[in-house]
Amino acid sequence: MVIKLSAGAIAVSVCLSLAFFAGHGQPVLADGGGGKKHDVADTVKKEVAMSIKKNPRIGAALVRLLFHDCWVHGCDGSVLLDKAPDGGSTEKDATNNIGLEGFDLIDRIKGKLGESVSCADIVVLAARDATFILSRGNIAYDVTTGRKDGVRSSAAAADAVLPPSTFNFTQLKANFAGRNFTQTELVVLSGAHAVGVAHLSSFRDRLDNATATPISARYQRALAEHVEEQKGVQGTPDPTEPNNIRDMELAFRNASGHNASGVDTSRAARGVLDNSYYHANLQNKVLFRSDWELRNDTTGAAGRDMRVC
Ligand code: HEM
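Residues numbered from 1 in each chain as written. Predicted model: local features only at pLDDT ≥ 70, side-chain atom pairs only at ≥ 80, totals over all residues. Heavy atoms only, no water.

As recorded by an unreviewed UniProt entry, the chain carries the name Peroxidase and is attributed to Triticum urartu. For the chain, the Function (unreviewed entry) comment in UniProt is given as "Removal of H(2)O(2), oxidation of toxic reductants, biosynthesis and degradation of lignin, suberization, auxin catabolism, response to environmental stresses such as wounding, pathogen attack and oxidative stress." UniProt annotates the chain under Subcellular location (unreviewed entry) with the comment "Secreted". (UniProt positions renumbered as here; feature names shortened; annotations may be inferred.)

Next up, the structure:
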């Protein structure tokens, strides 16, 4: 079956996928202390909207936080833990959790809602609301609540199951199958890379001609130059770049030979969760090997899934 990856298709698939993450029982009102009752869904929605308004970066961070929490022994909020029971390193220290953000916001919401709502539920609700806002209302889905917070956390456990950006197609497919996700869901959920940023260390392999998986030569050249510039601008040897070429300046897109037909490249569209990632991927202009690998399927099914309407 050929899936047309419109925003609607993403919505349906994300909903299906999140059914996996669902729990039971929904406390509608939470006692946040001081005798004040808070509507749970409403509080999370308002806090997320306010945070994204102040700092648009936080939306993408919340979407990734959900993935990284749920992938490691289920959606149990364990990604938020600062201490492991055995005093060892936690999920936050995992190599594959580089750049994870959004913790302060989850803490703040938890502070408002109190003990009757788990952190695990707040992560799920916050990612849902961020997705809705980033997609301009195109991706909307219901979630149930009632999850319990976990106490186990280990960097090794997280690195053992979270996929690194260097995975090939077979490894990605097996990784997702291990969590009962199909190949189509792998392609659809990878569409989240339409938003957010990545560190150079997560895509350095793509700049090395000896080891790079297919990447547009013009895009590769522009990216290598941009990264060098950003080392100075950001004052770090491991600067970040936007995941989506759509979010780069016009000069960069021109230098890369980006074909933007069908993609909204206006300033207002920056950071919008839409299907522009697939446009870029079909031009070999994506950051990660794992993105490009979705085209490297001998049956051709994943590549077909990516063709946009
Ligand atoms: C298919 C396997 C995947 C791999 C290998 C992968 C890998 C990565 C890597 C390496 C980064 C950049 C981290 C950094 O350097 O800071 C990243 C960012 C991101 N990923 Fe994925 N990812 C995958 C799937 C997903 C899924 C399923 C989602 C959510 C549905 C997702 C959402 C995001 C988002 C939103 C960002 C940007 C985060 C931010 O800006 O804070 N990714 N991913």
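Text resumes after the structure shown.
Visitor: Explanation requested: the pattern of salt bridges in the structure shown.
Guide: Under the criterion given, the structure shown has 13 salt bridges. Notably, a salt bridge pairs R57 with E101, separated by 3.1 Å at the nearest N-O pair. Of the two residues, R57 is situated in helix α3 (residues 57-70) and E101 in the loop between α3 and α4 (103-113); the sequence distance between them amounts to 44 residues. Judged by relative accessible area, which is 28%, R57 ranks as partly exposed. Among the ionic pairs, K92 bridges to D82, the shortest N-O distance being 2.6 Å. Taken together, the positions of K92 in the loop between α3 and α4 and D82 in the loop between α3 and α4 put the pair 10 residues apart, joining distant regions of the chain. On the basis of relative accessible area, D82 is assigned to the exposed category, the value being 60%. Residues participating in the shared-partner salt-bridge network are E47, R108 and K112. (Salt bridge = Lys/Arg side-chain N within 4 Å of Asp/Glu carboxyl O. Helix = DSSP H or I, 4+ residues; strand = E, 2+ residues; numbered from the N terminus. Buried < 20%, exposed > 50% of the residue type's maximum accessible area, 1.4 Å probe, protein only.)

Visitor: I keep staring at the coordination of the iron atom of the ligand and nothing clicks. Help me out?
Guide: Expected angles at a metal are 109.5 degrees for tetrahedral coordination by four donors and either 90 or 180 degrees for octahedral coordination by six donors. For the iron atom of the ligand, the protein contributes exactly one donor atom, H193 (NE2), at 2.1 Å. Counting through the fold element by element, H193 comes out in the loop between α8 (183-190) and β3 (197-199). (Donors = N, O, S within 2.8 Å, 3.2 Å for Na, K, Ca; no water.)

Visitor: I would appreciate a short explanation of the nonpolar core in the present structure.
Guide: Across soluble globular proteins, nonpolar side chains have a tendency to be buried as a group. Counting 69 residues, the largest nonpolar core has V48, L62, L65, L80, I106, L113 and F203 as the members making the most contacts within it. In terms of residue count, helix α5 (residues 119-134) provides more of this core than any other element does, 9 residues in total. For this core, the two domains that each supply at least three residues are domain 1 (7-162) and domain 2 (183-306). When near neighbours in sequence (up to four residues on either side) are disregarded, L80 contacts L65, K92, F103, I106, C119 and V123. (Core = buried A, V, L, I, M, F, W, Y, C linked by side-chain atoms within 4.5 Å. Domains from an automatic or database assignment. Contact = heavy atoms within 4.5 Å.)

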